[in-house]
Amino acid sequence: MGAVVALDRLLETRRVWRGRQQGEPLAGQPTGHAQLDALLPGGGWQLAALNEILLGSPGSGELQLLWPLLARLTQAGERVVLVGAPAIPFAPAWQAAGVVLAQVSLLQVSGAERLWAAEQCLRSGSCGAVLCWLEQADDRALRRLQVAADSGQTLAFVLRHLRAADNPSPAALRLLLDNQPRQWRVLKCRGGVPPARPVPVAF
């Protein structure tokens, strides 16, 4: 009985890889935004995969989008790593969103070091989620992050400028934030057809 309980705990914390049977629905990690979850295969973020968020500029809505997930992970004791964040996080706002700051690590790196650092964190399998702000990245660089996320069974997020929307990407999920009107558009989602209608920004 003890072995069964231990295995259940390992599966819950994603320390053991569990394959998906053919025809089995995709499982996702809820975003914390009901309207968005309703449109995404698996009901949320793609697990052990690269989730790409495209923005006009850093700080235009990505934190409000991600805070529910980060709060849930850190409250469960999972580590969240921020790689190349454009600014030092404003601690009171993160705490107000429910994020446990002791579980958040900030890596201030630039250029090619960002990609390397994010890749190592993802491959380690010791993080609940890794967020990486990339100024420039080609398809090959993004594929490295996708493979690392799968290898480490970790939630991966790459945040890029919306100019990259027309470029190919291996990301399992791609979201773009429109500013006028403010809404999220799903450009790509593994396991389903991207919904035609956008999601209004309600946060």
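### Here we look at the nonpolar core
Item 1. The biggest cluster of nonpolar side chains holds 32 residues, and the ones touching the most others in it are W45, I53, L131, F157 and W184.
Item 2. Those elements that place two or more of their residues in this core are α2 (34-39), β3 (50-55), α3 (62-75), β4 (80-83), β6 (129-133), β7 (155-161), β8 (173-179) and β9 (182-189).
Item 3. The element that contributes the greatest number of residues to this core is α3, accounting for 7 residues.
Item 4. Each residue touching F157, except ones within four places of it in the same chain, is listed here: W45, N51, I53, L66, L69, A129, V130, L131 and C132.
Item 5. Judged by nonpolar contacts, the second largest core, of 21 residues, contains V81, C132, A137 and L142.

### Some details on the environment of R174
Item 1. Inspection of the secondary structure assignment puts R174 in strand β8.
Item 2. Beyond its immediate stretch of four places on either side in the chain, R174 contacts E52, L54, R160, A164, A165, N167, S169, R185, V186, L187 and K188.
Item 3. Among the polar contacts made by the side chain of R174, one reaches the main-chain carbonyl oxygen of N167 at a distance of 3.1 Å.

### Quick look at the side chain of S169
Item 1. Inspection of the secondary structure puts S169 in the loop between β7 and β8.
Item 2. Among the polar contacts made by the side chain of S169, one reaches the side chain of E52 at a distance of 2.7 Å.
Item 3. Not counting residues up to four positions away in its chain, the partners in contact with S169 are E52, D139, L142, R174 and K188.

### Some remarks on helix α5 (residues 112-124)
Item 1. With 13 residues, α5 extends 19 Å from end C-alpha to end C-alpha; this agrees with the ideal 18 Å at 1.5 Å per step.
Item 2. Residues R114, L115, A117, A118, E119, C121 and L122 constitute the buried set of α5.
Item 3. Looking at the buried residues of α5, the elements they touch are β4, β5 (104-107), β6, α6 (139-152) and β7.
Item 4. Trailing α5 by a residue or two, G125 shows a phi angle of about 70°, which is positive.

### Points about the pairing of β3
Item 1. The buried fraction of β3 amounts to 6 of the 6 residues, a majority that puts the element mostly inside the structure.
Item 2. Burial along β3 is two-sided: the face carrying L50, E52 and L54 and the face carrying N51, I53 and L55 are both buried.
Item 3. Here β3 pairs with β7 via 6 bridges, running parallel. When the sheet's bridge partners are listed, E52 is paired in β7 with V158.
Item 4. Pairing geometry for β3 and β8, over 4 bridges, is parallel. From the neighbouring strand, N51 faces β8, where its bridge partner is L173.

So, how was this worked out
- In this convention, every chain numbers its residues from 1, walking through the sequence in written order.
- Totals for whole chains, interfaces and linings use all residues, but because this is a predicted model, local features are given only for residues with pLDDT of at least 70 and pairs of side-chain atoms are given and counted only at 80 or more.
- With hydrogens and water stripped out, all remaining heavy atoms of the structure feed into the side-chain values.
- The nonpolar core is taken to be a set of buried Ala, Val, Leu, Ile, Met, Phe, Trp, Tyr and Cys residues, with the residues joined through side-chain atoms within 4.5 Å.
- Classification of residues uses two cut-offs on accessible area relative to the type maximum, computed with a 1.4 Å probe and protein chains only: under 20% is buried, over 50% is exposed, and between them is partly exposed.
- Only DSSP runs of H or I reaching four residues or more are called helices, and only runs of E reaching two or more are called strands; each is numbered from the N terminus.
- Should any heavy atoms of two residues lie within 4.5 Å, those residues are counted as being in contact.
- Polar contacts here mean pairs of N or O atoms no more than 3.5 Å apart (in protein, one a potential hydrogen donor and the other a potential acceptor; neighbouring residues in sequence count only if both atoms are side-chain atoms).
- In this scheme, a helix's expected span is set at 1.5 Å multiplied by one less than its residue total.
- One bridge is not enough; two strands pair if DSSP finds at least two bridges between them.

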